[in-house]
Each structure stands twice: as structure tokens, then as C-alpha cells.
Amino acid sequence: MSWHVLLIFFLSLGLGTTLTFASSHWLLAWMGLEINTLAIIPLMAKQHHPRAVEATTKYFLTQATAAAAILFASATNAWATGQWEISCLTDPTACTIAMTALALKIGLAPMHFWLPEVLQGVTLTTGLILSTWQKLAPFALILQVANNAHPHLLTALAVCSTLVGGWGGLNQTQLRKILAYSSIAHLGWMILVAQMAPQLTLLALITYIVMTAATFLTLIMVNSTKTITLASTWTKAPALSALTCLTLLSLGGLPPLTGFLPKWMILMEVTSQGFLLTATVIALTALLSLYFYLRLTYTMALTLSPHTSNSPAPWRVPTKLQTLPLSISITSATCLLPLAPTLLALVGWS
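The rules we used
- Residues numbered from 1 in each chain as written.
- Predicted model: local features only at pLDDT ≥ 70, side-chain atom pairs only at ≥ 80, totals over all residues.
- Heavy atoms only, no water.
- Helix = DSSP H or I, 4+ residues; strand = E, 2+ residues; numbered from the N terminus.
- Rg over C-alpha atoms; globule rule 2.2 N^0.38 Å.
- Buried < 20%, exposed > 50% of the residue type's maximum accessible area, 1.4 Å probe, protein only.
- UniProt positions renumbered as here; feature names shortened; annotations may be inferred.
- Salt bridge = Lys/Arg side-chain N within 4 Å of Asp/Glu carboxyl O.
- Axes fitted to C-alpha atoms, helices over the stretch in contact; angles between N-to-C directions.
- Parallel < 35°, antiparallel > 145°, perpendicular 65-115°, else oblique.
- Contact = heavy atoms within 4.5 Å.
- Nonpolar A, V, L, I, M, F, W, Y, C, P; charged D, E, K, R; others polar.
- Disulfide = S-S within 2.5 Å.
- Expected span 1.5 Å × (residues − 1).
- Phe/Tyr/Trp six-rings, centres within 6.5 Å; stacked < 30°, edge-to-face > 60°.
- Lys NZ or Arg CZ within 6 Å of the ring centre and 35° of its normal.
- Core = buried A, V, L, I, M, F, W, Y, C linked by side-chain atoms within 4.5 Å.

Assigned secondary structure in the chain consists of 16 helices and zero strands. For the chain, the C-alpha radius of gyration of 20 Å lies close to 20 Å, the compact-globule estimate for 350 residues. Seen along its three principal axes, the alpha-carbon backbone of the chain occupies a region of about 70 × 50 × 35 Å. Relative to its 350 residues, the chain shows a buried fraction of 52%.

Structure follows, in C-alpha cells:
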């Protein structure tokens, strides 16, 4: 694919997200989401492989269904209240439909079935875009709609997502599917406090994007898509392997890494609101996710002689990839916990 064409597609991605960010009208936000979807589809299908075409078709059908539901919800709200503004989504039925459609768009459980299959069928670079940039526009709408949504709906989506994200990744050997279930679990943490403390949802989204970007860039650097091929990473790039283990543990939420910060603050907020059972359940589901991160860490760092891997060792060819984005993302994914006092002061907690 020509770089001129790629530039047009990437500019369209930026345009769609920016249009959704800047819009206060449902039709403009819907147009931004559609531009986003139409711009990513050629990037997904550029391999001309049946698996990529299948993933692209699934993604298109899912996103088209979600967009149609969003348009229907906004039209229903306009019929009931006479308002097209996003902040005026006050009709209960329309708000529930819109929140469900946005959950389908980002892959919250139980509307998550498309996400692992789609990520498995595309390249690592396209998977990086799907897991990070494509979450921004729907979350901008979720943060505006969450105030009018039913709290039980948000809690049910959050708990279901953390459970599915933890259980689903346990028996996976494909790294893209593991990261898809990791995405589902993290989205559950974000949506839980979207109504109580939207600034924590934004913090969790930013840290998730940084950690996921670091993981995807590492997999692109070592050209690995299966768990078994990670075993030979240590002999090729020991420093990168050690930092990748820290990044995976940060995704799991272990202190003193960056990933512990949003989970800690979300649990503080949920318990301060009196939802002790919900806080206990999502804290326990984080252990499920931590298990498959530890399994990847074991494969990368501890699968050495005499516990050698059965996978053939790939050729060690010099890489031409830029390492600056990887360095910045890994540093951010592991070293930002000391900013916690500043963030606590900004949020207003003592």
C-alpha cells in the first residue's frame, strides 16, 4: 500500500476521532465514529489473507450494528425530549440503548465476542491501533452519557467484563487474543467508575493505552504472535525481555508499577462509595488476569535450559524499526507510580 494512501487513512482516523471529541450533537458524533470505522477497514484488510478479510468483515458488521443502535437511540431521545445534544440524553430507554451500543463498539462483555477474533486476524500494528486509538472516540461519548445511565447497568457491564477478561485469557496461547481479553478486563475497570469519578476513567484509559502500546510495540520488535515463540526472546534481547516482563506485570496491576495506580485509585473510590462487594469481586478478578501475565513472564524470562522451548529459533536479523516510541512507552508503563500524590491532589482526595 502506497504511503500516500496510508497517510489519507491515518488522517481520516484522526479526523473521525477529533470530530467525535469536538461534537455536542449526536449526528456529528455518529459521523466521526463512521469515519473512524471506514478508515480502519482498509488497514485491516490490506494483507489480502482470508483470515484478515474475515476479521475485517466481523469488525465492519459489529461497528455498523453499534452505529445504527446509536443513531436509533439518539433519534428516540429526540422524539421523546426534542433534544439532539449528547448531554441531554435523558430518556431512560434511549440512554440504555446508547450505552449498550457504545459497549458493543469498544468490546465490553457480554458484547465482547468479536474482539478476540478480530484482533487475532489482523497484524500487530493494526491490532495496536484497534486496542488504543479506536477506544478514544467511543469513550468520549461514554463519559458524556454515563451520568444519565442506570448505575446497575454500568456495574453489570464492569463486573461481567472483568470476569470474562480474566477467565477468557487463561487458556490462550495466541498473544493477540491474550491482549484482547486483557483489553476487555481493563475496560471493565474503566466503566465501573465512569459515573462516580470520570477523571479516574480517563486516568485508567490513558495508563491502559500506554501499557498496551508498550506491549504491542515489543511484540512487533521481536516479531512474536504466539506464547511459545517468546521463549527465544531472552537470548536475542535480554534487556528488552526484562523490561517487557515489567510491562506485563504493570498490566496485571502489581505495585510499584504504573498499572497499580488506576486500580488502586478505582478501588479507593468504589469502597468510599460503599460498594464493598463490587470492589471485592473486581479485585479478585484482577488475580485471574495477573495469572496469564505471569505465565507470559515465565515464558519470556524463565524458559531457559534445561527447560528449553520446542519452538524453532528465528534468524537474528538487524531490525529497522524505530526504538524511541518503544522506549518512551515502556518507561511510562513502568515508572509513573510516583505521580500518585499529584494525581490524588488533582482529584481532590486527601
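Another point: the UniProt feature "transmembrane region" (unreviewed entry) in the chain. Here, the residues flagged by UniProt with the feature "transmembrane region" (unreviewed entry) are residues 57-76, 96-115, 152-171, 178-196, 202-222, 234-254, 274-294 and 326-349. Secondary structure across residues 152-171 divides into 85% helix and 0% strand, with the first and last C-alpha atoms of the span separated by 30 Å. As annotated, residues 234-254 comprises 86% helix and 0% strand, and the C-alpha atoms at either end are separated by 22 Å.

On inspection of all chains with the given rule, the structure shows three salt bridges. Two residues, Lys58 and Glu54, come together in a salt bridge whose shortest N-O distance is 2.9 Å. Highlighted residues: Lys58 and Glu54, both in helix 3 (residues 50-81), separated by four residues, approximately one helical turn. Overall, Lys58 belongs to the partly exposed group, its relative accessible area being 29%. Assessed through its relative accessible area of 37%, Glu54 is described here as partly exposed.

Once that is clear, we can look at the packing of helix 9 (residues 175-192) against helix 10 (residues 198-222). The contact between helix 9 and helix 10 brings their axes to 10 Å, and the two run at 170 degrees. When the interaxial angle is binned, helix 9 and helix 10 end up roughly antiparallel. Here Leu175, Leu179, Ser183, His186 and Met190 of helix 9 lie close against helix 10, whose contacting residues are Thr201, Ala204, Leu205, Tyr208, Met211, Thr215, Phe216 and Leu219. Across the contact of helix 9 with helix 10, the residue classes tally to nine nonpolar, four polar and no charged.

Turning our attention to the state of the cysteines. Applying the stated criterion across every chain yields a total of zero disulfides. Between Cys160, a free cysteine, and Cys95, which holds the nearest cysteine sulfur, the sulfur-to-sulfur gap is 19 Å. The closest cysteine sulfur to the non-disulfide-bonded Cys335 is located on Cys245, 15 Å from its own sulfur.

What follows is about the side chain of Thr17. Of note, Thr17 is situated in helix 1 (residues 3-22). A residue is classified by how much of its surface remains accessible, and Thr17, at 1% relative accessible area, is buried. Not counting chain neighbours up to four residues away, the residues in contact with Thr17 comprise Asn36, Trp133, Leu136 and Ala137.

Another aspect to go through is helix 6 (residues 124-131). Burial analysis of helix 6 places seven of its eight residues in the buried class, which makes it a mostly covered element. Taken together, the buried positions of helix 6 are occupied by Leu124, Thr126, Gly127, Leu128, Ile129, Leu130 and Ser131.

A separate point is helix 12 (residues 238-252). Its 15 residues give helix 12 an end-to-end C-alpha distance of 21 Å, which sits within 8% of 21 Å, the value for a rise of 1.5 Å per residue. All buried positions along helix 12 are accounted for by Leu240, Ser241, Thr244, Cys245, Thr247, Leu248, Leu249, Ser250, Leu251 and Gly252. Buried positions along helix 12 lie against helix 9, helix 10, helix 11 (233-236), helix 13 (260-272), helix 14 (276-301) and helix 15 (324-335). Remark: Gly253 follows helix 12 within two positions and exhibits a positive phi of approximately 90 degrees.

On inspection of all chains with the given rule, the structure shows three aromatic pairs. Look at Phe260 and Trp264: their rings are 5.9 Å apart centre to centre, the planes differ by 5 degrees, and that puts the pair in the stacked class. Taken together, the positions of Phe260 and Trp264, both in helix 13 and four residues apart, correspond to about one turn of that helix. The class for Phe260 is partly exposed, based on a relative accessible area of 24%. Seen from the ring of Trp189, Lys263 lies directly overhead, with NZ or CZ sitting 5.3 Å from the centre.

Take unusual backbone geometry next. Residues Ala109 and Pro110 are joined by a peptide bond in cis, for which omega reads 5 degrees. In this structure, Pro110 sits in the loop between helix 4 (92-106) and helix 5 (114-121). Not every positive phi belongs to a glycine, and Asn223 is a case in point at roughly 55 degrees. Judged by its relative accessible area of 67%, Asn223 is exposed.

Attention now goes to the side chain of Ser250. Looking at where Ser250 falls in the secondary structure, it is placed in helix 12. Filtering out sequence-adjacent residues up to four positions away, Ser250 remains in contact with Met211, Leu257, Thr258, Gly259, Phe260 and Ala333.

Mapped onto the elements of the fold, Lys226 is located in the loop between helix 10 and helix 11. Here the alpha-carbon distance between Lys226 and Glu117, two residues 109 residues apart in the chain, equals 15 Å. Apart from the residues lying within four places of it in its own chain, the contact partners of Lys226 are Thr173, Gln174 and Leu175.

Membership of the largest hydrophobic core comes to 75 residues, with the highest contact counts inside it found for Ile40, Tyr59, Met99, Leu130, Val145 and Ile266. Ranked by residues supplied to this core, first place goes to helix 4 with nine residues. Those residues in contact with Tyr59 that sit more than four places away from it in its chain are Thr37, Ile40, Ile41, Met44, Trp114, Val118, Leu130 and Gln134. Among the nonpolar cores identified, the runner-up in size contains 24 residues, and Ala214, Leu240, Cys245 and Phe292 belong to it.

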